[in-house]
Amino acid sequence: MKTSTARVMQCSAALTAAGLLLTACGSSGTGGSGSAASAAAASFKGRGPITYVAGKDTTGTVQTILNRWNKQHPKQKVTFIQLPTDADSQRQQMIQNAETKSDAYTVLATDVVWTSEFAAHQWIEPLPATQFPLQKMLKPVVETGKYRGKLYAVPFNSNGELLFYRTDLLKKAGITRPPSTWAEMTADCAKVKKLPEAKSMSCYAGQFQQYEGLTVNFAEAVNSAGGVITDANGKPDVDTPQAKKGLDFLVNAFKDGTIPKAAITYQEEDGRQAFQSGKLIFLNNWPYVYSLAEKSKIAGKFAVAPLPGLNGPGVSSLGGSNLALSSFAKNKATALDFMKFLTNEENSTYFLKKASLPSPYASLYDSAALDKQYPYLSDLKASITHAVPRPRVVQYGQVTQAIQKEVYAALTGKKSSAQALKDLQADLQKLTAQQ
């Protein structure tokens, strides 16, 4: 991923493209007072066609909802612009659009870790928080849409990674429950692989190609071993014994075959397809896999559990996507209404049912009817509520590139875990020094 970056917003008051006065060293408020929200709403003018920009819809559900909007708003139609599936390419194209001040992109489906960067560079508009039902949503999810106390992105879906596993094979091998530690998972694999039908299977995979998924999986390994990448104040603290235990787990798993060598090229879809085709016993991936795997040859033969960790259940990275409004877009009144529509509870329920996209609405996880239909919801809620965000930094693009470079070097044997973490600590200190 190669992107250029514009200037970072300095610690001073600045006028945004929406015409709102921001205190850049601002408050820790809930997203703006009523008067500020009213001013923001008033600044959204213009009605007409807009675009919705997101990664490729592998679930086939988005266009159905857009068709419903377009039927109800024939003069304010939404065109779906689908970007590549990987987050790095999506971010790159969104930034390129912003740096040219193009109005081609209107509503952006952004990764939850992009908010600070996009807001600081004034690529997206501050939003009227009081016009969205944020109080009904999970608090950690809402916080991902804020920058310096202001709301810049509305939760669309949340996400926490889960451990998918083959229930049929574990049962046949005499294993009564999914593993809660890395050691248990490795031992379970050894038992399962003694079965004739599992002899050629690999144990475990996640996302290990040099892209955003590697940052996610590395962060999970570090957090699941009791370490951090950055502390609560955003200060890098990754050159520690705890972080080394997390990275060592991944490095050693590649060395001893627990993770197949092919997984060094895996993104989300590669892992899903490997699991569905019977190549993997365990898979670390996002919940969208559930509905697709239920339509595959392993339907009824798998389940999910919390991620395993060093000494007990592991910790997921907080994932998901938010909706943000490009500062350079036209027809912002239409865009605001569309954002309300796409993120309402009805559509959120639809995406949960049809695409296994986790909802930001807390009530859906406590629905007895939904839990019976989607038995992974309780594990998913726990994954989300205990998830740890990736570093929330203004220079996120450079930070994630640094993480990917050093971790990939360790996984491919070009550096030791200790050297990779030492170099990463130095890189992150430089990148976060001016925040």
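Because the structure is predicted, anything quoted here is derived from the model rather than measured.

(A) Structural view of the overall build of the chain. Helix and strand counts for the chain come out as 17 helices and 13 strands. Counting every position in the chain, which comprises 435 residues, the buried fraction comes to 57%. Relative to all contacts within the chain whose residues are 6 or more apart in sequence, the contacts with residues 24 or more apart total 74%. Just so you have it, the chain exposes about 17800 Å², and 51% of that area is on carbon and sulfur atoms.

(B) Structural context of the layout of surface pockets. By volume, the second largest pocket amounts to about 840 Å³. Along its surface, the second largest pocket is lined by 36 residues, and Gly55, Lys56, Thr85, Gln90 and Asn159 are the ones closest to its centre. Going through the elements one at a time, strand E3 (50-55), helix H3 (87-99), strand E5 (107-111), strand E8 (154-160), helix H8 (212-224), helix H10 (268-276) and strand E13 (318-325) are the ones with two or more residues in the lining of the second largest pocket.

(C) Region of interest: the sheet that holds strand E4 (residues 78-83). Taken in spatial order, the five strands of this open sheet run E4-E3-E5-E13-E8, and their pairing is mixed. Two strands in the sheet have a free side with no partner beyond their single neighbour: E4 and E8. Sheet twist, expressed as the mean angle between neighbouring strand axes with direction ignored, is 20°. Seen against the sheet, H3 touches E3, E4 and E5 and runs at an angle of roughly 140° to E5. On the sheet, helix H12 (residues 332-342) packs against E3, E4, E5, E8 and E13 and is oriented at approximately 150° with respect to E13.

(D) Focus on unusual backbone geometry. The backbone of lysine 101 shows a phi angle near 55°, a positive value even though the residue is not glycine. In this structure lysine 101 comes out as exposed when scored by relative accessible area, which is 61%. Positive phi, close to 60°, is recorded for glutamine 122, a residue that is not glycine. Assignment of secondary structure puts glutamine 122 in the loop between helix H4 (115-120) and helix H5 (139-143).

(E) A look at the sheet that holds strand E12 (residues 302-305). Here we have four strands laid out as an open sheet, ordered E10-E11-E9-E12, and mixed in their pairing. The open sheet terminates on both sides in strands that have one partner only, identified here as strand E10 (202-205) and E12. Averaged over all neighbouring strand pairs, the angle between strand axes comes to 15°, with direction disregarded. Sitting on the sheet, H10 is in contact with strand E9 (162-166), strand E11 (280-285) and E12, with an inclination near 150° to E11.

(F) Highlighting the environment of aspartate 86. Considering the arrangement of structural elements, one finds aspartate 86 in the loop between E4 and H3. For aspartate 86, a relative accessible area of 13% puts it in the buried group. For the pair formed by aspartate 86 and glutamate 268, sequence separation is 182 residues and the distance between their alpha carbons is 8.5 Å. Here aspartate 86 is in contact with Tyr211 and Gln267, once residues within four sequence places are set aside.

(G) Expanded view of helix H9 (residues 241-256). The end-to-end C-alpha distance of H9 is 21 Å, a good match for the 22 Å that 16 residues give at a rise of 1.5 Å each. Three or more residues of H9 are buried, namely Ala243, Gly246, Leu247, Asp248, Phe249, Leu250, Val251, Ala253 and Phe254. In this structure, the buried side of H9 is in contact with helix H7 (182-192), E10, H8, helix H16 (396-411) and helix H17 (417-432). Once H9 finishes, glycine 257 follows within two positions and takes phi at roughly 90°, a positive value.

(H) Up close: the environment of lysine 136. Mapped onto the secondary structure, lysine 136 falls in the loop between H4 and H5. Since its relative accessible area comes to 47%, lysine 136 is described here as partly exposed. Sequence spacing of lysine 136 and serine 363 is 227 residues, and the spatial spacing of their C-alpha atoms is 7.6 Å. If near-sequence neighbours (up to four positions away) are discounted, lysine 136 is found in contact with Glu345, Pro360, Tyr361 and Ala362.

(I) Inspection of the state of the cysteines at higher detail. Under the counting rule described, the total for this entry stands at one disulfide. Here cysteine 189 pairs with cysteine 203 through a disulfide, and the sulfurs are 1.9 Å apart. In this structure, the disulfide formed by cysteine 189 and cysteine 203 twists by about 70° around the S-S bond and is classed as right-handed. On the criterion of sequence distance, the pair formed by cysteine 189 in helix H7 and cysteine 203 in strand E10 is long-range, its members being 14 residues apart. On the basis of relative accessibility, which here comes to 3%, the residue cysteine 189 falls in the buried class. For cysteine 203, a relative accessible area of 4% puts it in the buried group.

(J) Up close: the packing of H8 against H9. At a closest axis distance of 7 Å, the pairing of H8 and H9 adopts a crossing angle of 125°. Our classification of the angle between H8 and H9 gives oblique. The chirality of how H8 crosses H9 is right-handed. Of H9, the residues touching H8 (which contributes Asn217, Phe218, Ala221 and Val222) are Ala243, Gly246, Leu247 and Leu250. For the contact of H8 with H9, the residue count by class is six nonpolar, two polar and no charged.

Rules behind the numbers
- Residues numbered from 1 in each chain as written.
- Predicted model: local features only at pLDDT ≥ 70, side-chain atom pairs only at ≥ 80, totals over all residues.
- Heavy atoms only, no water.
- Helix = DSSP H or I, 4+ residues; strand = E, 2+ residues; numbered from the N terminus.
- Buried < 20%, exposed > 50% of the residue type's maximum accessible area, 1.4 Å probe, protein only.
- Contact = heavy atoms within 4.5 Å.
- Areas by Shrake-Rupley, 256 points an atom, 1.4 Å probe, with all protein chains shown as cover.
- 1 Å grid on protein atoms, 1.4 Å probe; cavity = no way out; pocket = protein on both sides within 12 Å on 5 of 7 lines; lining within 4 Å.
- Points joined across faces, edges and corners; volume = space filled by probe spheres on them.
- Pairing = 2+ DSSP bridges.
- Axes fitted to C-alpha atoms, helices over the stretch in contact; angles between N-to-C directions.
- Expected span 1.5 Å × (residues − 1).
- Disulfide = S-S within 2.5 Å.
- Parallel < 35°, antiparallel > 145°, perpendicular 65-115°, else oblique.
- Left-handed = near helix turned anticlockwise from the far one by under 90°.
- Nonpolar A, V, L, I, M, F, W, Y, C, P; charged D, E, K, R; others polar.

Function cannot be inferred from these measures alone, as they are strictly geometric.
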